[in-house]
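Examining the three-dimensional arrangement
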Amino acid sequence: MSTHAPDQSAHAPSRPSAGAPAGPLERERAHLAASRAALRAMRHDVESLDISDVTTNWVNAQVLQHQIEARIEALADLSGTPLFFGRLDRSDGARYYIGRRHVHDADGDPMVIDWRAPVSQPFYRASKRDPQGVELRRRFGYTGGELTAYEDERLTDPDEAERVSELLRREIERPRVGPMRDIVATIQPEQDEIVRSGIDGTVCVQGAPGTGKTAVGLHRVAYLLYAHRERLARTGTLVIGPNRSFLRYIEQVLPALGELAVRQTTVEDLVTGATGVEVRGADDPEAARVKGDARMAEVLRRAVRAGVTMPSEPCVVVRGSRRWRIPAYELEEIVRELLDRGIRYGAAREALPQRIAHAVLTRMEKAGEAPDDRVQDAVARNAAVKAVVKAVWPEVDPAKLVLRLLSDADFLAGCSEGILTDEERKAVLWAKPPRGVRSAKWSAADAVLIDEAQDLIRRTPSLGHVVLDEAQDLSPMQYRAVGRRCTTGSATVLGDLAQGTTPWATASWAEALSHLGKPDAVVEELTRGFRVPREIISYASRLLPHIAPGLSEATSVREAAGSLRVRQAADGGLDGAVTAACREALEREGSVGLIAADARVPVLAAALEDAGLPHTVLGPGGEEAPGVRLTLVPATLVKGLEYDHVVLDEPAAVVDGEPDERTGLRRLYVALTRAVSGLTVVHAAPLPRALAAGSGDGR
Ligand SMILES: Nc1ncnc2c1ncn2[C@@H]1O[C@H](COP(=O)(O)OP(=O)(O)OP(=O)(O)O)[C@@H](O)[C@H]1O
């Protein structure tokens, strides 16, 4: 492999003069300029479309105009985003430039191929061992939108050794400012297999911090939208992340890949949106654990059906001069049959009048009448039939039902007999029941219960594909809520068992996938880390035996010696040492994250203020002011995020901020694995034993 850049190459490229034979870099720049011109022409063609002749009415014109505007937007040439990042020369003589989108010339011949097209696949997968018909793979390097370097791999040349791409290293180490970027130019083979796996199967990815799970999940959505655009346009896709600050961090990736219409949400926003309840309360850990337990699904199923009563009176339908009488025992048979069929409560309620009407019609036929469908419909709407339905199979409001379940001890006891213990019932019952659905201080777990109840009444529509990130933190009931949104579709489940910090954190993917309703999903493991330098990941991995003994330690593609510093502050000098570490980090390029136990955030914010260091404090909403490089991040919000330089304040306080030691050490593991280039740990209290142990290097 060889890398060529103006600053390294013996043949520093100069601008080609007209007619002079250009060097390789000039030729590539010329192709870039031609591709940009072709893209402008494609955009111009769409802009100059005249739709006045082809649309017959106003609505069609609006729809078409909207489509055209979307297409124009999609054809924008974003200045900071290179049109292509790679080239493949195949043994059969074909040459393809690989980029974020397809560009063709005036004759329709491709100038740039979409990275998701099948011909692009070898760009990501071909290797010396398996060249896949590729002779040369060229990667391009850009500086500020300018093509400045390229790197070649001759896959069929036996004399050329395989090594880590310099451009990949540079791409990973490019300072982070602002939100997450796409990795389309450097997707690795093991990641590409997940990105391009078929739409019909659910994939679960267990991966250590920084192995690219989030990146892979987002690129998979972009890939599926390309490969199955029509199907997914009909059925929809959804990305679910742990909180709003995380969603803000990732929100630019799909638009940068040309996908503007993918909804991104949290489980909480998903279920509150669907049920219309507002989360204004919080549960204590035990109540939350019980409410999130999968056994609650059966409790709710019983609760929903608890209102069904067996008829004690016959149903008498009067039509003209005749009376038709369905005895109570026959009505009971109908009701039992509907209960046994296990269909949704609401669907059964709609079917009941038709069943009763059918029984009436059977009698009419026996009496020599010849009633048709219209008569059946009329009977089903008869007041006597309606009265039976109302009494026997009452309408159920999901929020009211959950309200009753959590306020009425007898009702809860009846519905949870043999399922919950007395203590568990006590844990979930409201001490002071609210007066109504609106005044109730619903918790996040309550909203999930209401969503489950709603689904028992009416089927939740399924999407085509759902990506679930940081999945290890979901409760079984939350997995069910996500699962019912992809019953007829598929899912990509991403997570790390070692980073689970909820009381109900997933212990095994097999169990999680069964709650999700996808027990046959394939579980893949990613272990090659891209974010965290080797020295830092092995320091953090000291915690692994205590937090997830079964998991293997992540490796790192990057050796960045000197990236880890552990400093003991003098007594009373912690805040000063922390601000000093932040100041040092700010001397370097890139973003700086100061991570601290939530309880320490106000003190540190004041210390930064006193030290005159401009910063933003990350809140649940996730706002980070543009241009401010230092962010103070509460430990509970840092999952999934990353910073070029991390200053970690008082590890012992991070551990103590959690209800138990294992969760505390997991939180610490998350905090220790956010750094791309440097980590400075500052402590006054002794380091947690699991971290200090085995250091052997005087730390
Ligand atoms: N193939 C790649 N090329 C370049 N950068 C990559 C690649 N894969 C991952 N990265 C980068 O590594 C960093 C970590 O990726 P990502 O956040 O997706 O990891 P993760 O596994 O979700 O981490 P965590 O478990 O901490 O949430 C990101 O900056 C991402 O852009």
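Everything numeric here is computed off the predicted structure, so don't read it as measured data.

**Side note on the environment of Ala-297**
Counting through the fold element by element, Ala-297 comes out in helix H12 (residues 295-305). When residues no more than four places from it in sequence are discounted, the contact partners of Ala-297 are Glu-452, Met-477 and Arg-480.

**Structural notes on the nonpolar core**
If you look at the biggest cluster of nonpolar residues, it comprises 76 residues, and the most contacted ones within it are Trp-115, Leu-543, Leu-648, Leu-668, Leu-672 and Leu-679. With eight residues, the top contributor of residues to this core is helix H6 (residues 213-227). If you look at the next biggest cluster of nonpolar residues, it comprises 62 residues, including Val-317, Ala-348, Phe-411 and Trp-430.

**So, the pairing of strand S5 (residues 110-114)**
The buried count for S5 comes to four of five residues, which makes it a mostly enclosed element. Sheet topology places strand S3 (residues 95-99) next to S5; two bridges connect them, and they run parallel. Paired with Gly-99 across the bridge in S5 is Asp-114. Both strand S4 (residues 103-104) and S5 contribute to a ladder of two bridges, which runs antiparallel.

**Some points on the packing of aromatic side chains**
How two aromatic rings sit relative to each other is given by the distance of their centres and the angle of their planes. Scanning all chains against the criterion turns up eight aromatic pairs. Pairing Phe-85 with Phe-123 gives two aromatic rings, centres 5.9 Å apart and planes at 55°, and the pair type is tilted. Taken together, the residues span a long stretch of sequence, with Phe-85 in strand S2 (residues 84-90) and Phe-123 in helix H3 (residues 121-125) at a distance of 38 residues. Accessibility assignment for this pair places Phe-85 and Phe-123 in one class, buried. Among the aromatic residues, ring-to-ring pairing joins Phe-85, Trp-115, Phe-123 and Tyr-124 into one connected group. Note that Arg-138 overlies the ring of Tyr-150, its terminal NZ or CZ placed 4.1 Å from the centroid.

**Some remarks on the sheet that holds strand S21 (residues 630-634)**
Reading across the sheet, the six strands line up as S18-S23-S22-S19-S21-S20 and stay open at both edges, with parallel pairing between neighbours. Because the sheet does not close on itself, it has two edges, and the strands there are strand S18 (564-568) and strand S20 (616-617). For strand S19 (residues 592-596) and strand S22 (residues 643-649), the ladder comprises four bridges, and the chain directions are parallel. Residue pairing in the sheet places Val-592 in a bridge with His-645 of S22. With respect to the sheet, helix H28 (residues 661-672) is in contact with S19, S22 and strand S23 (675-683), its orientation differing from that of S22 by roughly 145°.

**Notes on the environment of Ser-312**
The residue Ser-312 is located in the loop between H12 and strand S11 (315-319) in this model. Given the relative accessible area of 62%, Ser-312 is considered exposed.

**Notes on H28**
The terminal C-alpha atoms of H28 lie 16 Å apart, and with twelve residues this matches the ideal 16 Å at 1.5 Å per residue to within 8%. For H28, the tally of buried residues reaches ten of twelve residues, placing the bulk of the element in the interior. Buried within H28 we find Thr-663, Gly-664, Leu-665, Arg-666, Arg-667, Leu-668, Tyr-669, Val-670, Ala-671 and Leu-672. Where H28 starts, the residue carrying a side-chain oxygen 3.2 Å from the main-chain nitrogen of Arg-662 turns out to be Asp-660.

**Observations concerning the sheet that holds strand S14 (residues 490-495)**
The parallel open sheet is built from six strands, whose spatial order is S10-S9-S13-S14-S8-S15. Looking along the sheet, the strands with just one partner apiece sit at the ends: strand S10 (263-265) and strand S15 (522-526). On average, adjacent strands in this sheet sit at an angle of 15° to one another, irrespective of strand direction. Sheet topology places strand S8 (residues 203-207) next to S15; five bridges connect them, and they run parallel.

The rules we used
- As a convention, each chain's residues are numbered from 1 in the sequence order in which they are written.
- Per-residue local features of the predicted model are confined to residues with pLDDT of at least 70, and side-chain atom pairs are confined, for both listing and counting, to 80 or more; whole-chain, interface and lining totals are unaffected and use all residues.
- The side-chain quantities take in all heavy atoms of the structure and omit both hydrogens and water.
- Secondary structure counts use DSSP, requiring at least four H or I residues in a row for a helix and at least two E residues in a row for a strand, with both numbered from the N terminus.
- Throughout, a contact is declared for two residues whenever any of their heavy atoms are within 4.5 Å.
- Only buried Ala, Val, Leu, Ile, Met, Phe, Trp, Tyr and Cys residues count toward a nonpolar core, and they belong to the same one when joined by side-chain atoms within 4.5 Å.
- Exposed residues in this analysis have more than 50% of their type's maximum accessible area, buried residues have under 20%, and partly exposed residues fall in between, with area computed by a 1.4 Å probe over protein chains only.
- Strand pairing is assigned whenever DSSP identifies at least 2 bridges connecting the two strands.
- Each pair of aromatic rings taken from Phe, Tyr and Trp, with Trp reduced to its six-membered ring, is defined by centres within 6.5 Å and is described as stacked if the planes are under 30 degrees apart, edge-to-face if over 60, and tilted in the remaining cases.
- Only when the NZ atom of a Lys or the CZ atom of an Arg is both within 6 Å of the ring centre and within 35 degrees of the ring normal do we say a charge sits over the ring.
- Note on geometry: axes are lines fitted to C-alpha atoms, helical ones only across the stretch in contact, with angles between N-to-C directions running from 0 to 180 degrees.
- Expected helix span is given by 1.5 Å per residue-to-residue step, counting one fewer step than there are residues.
- N or O atoms closer than or at 3.5 Å make up a polar contact, with two conditions inside protein: a donor-capable atom paired with an acceptor-capable one, and, for residues adjacent in sequence, both atoms drawn from side chains.

Purely geometric numbers; function is a separate question.
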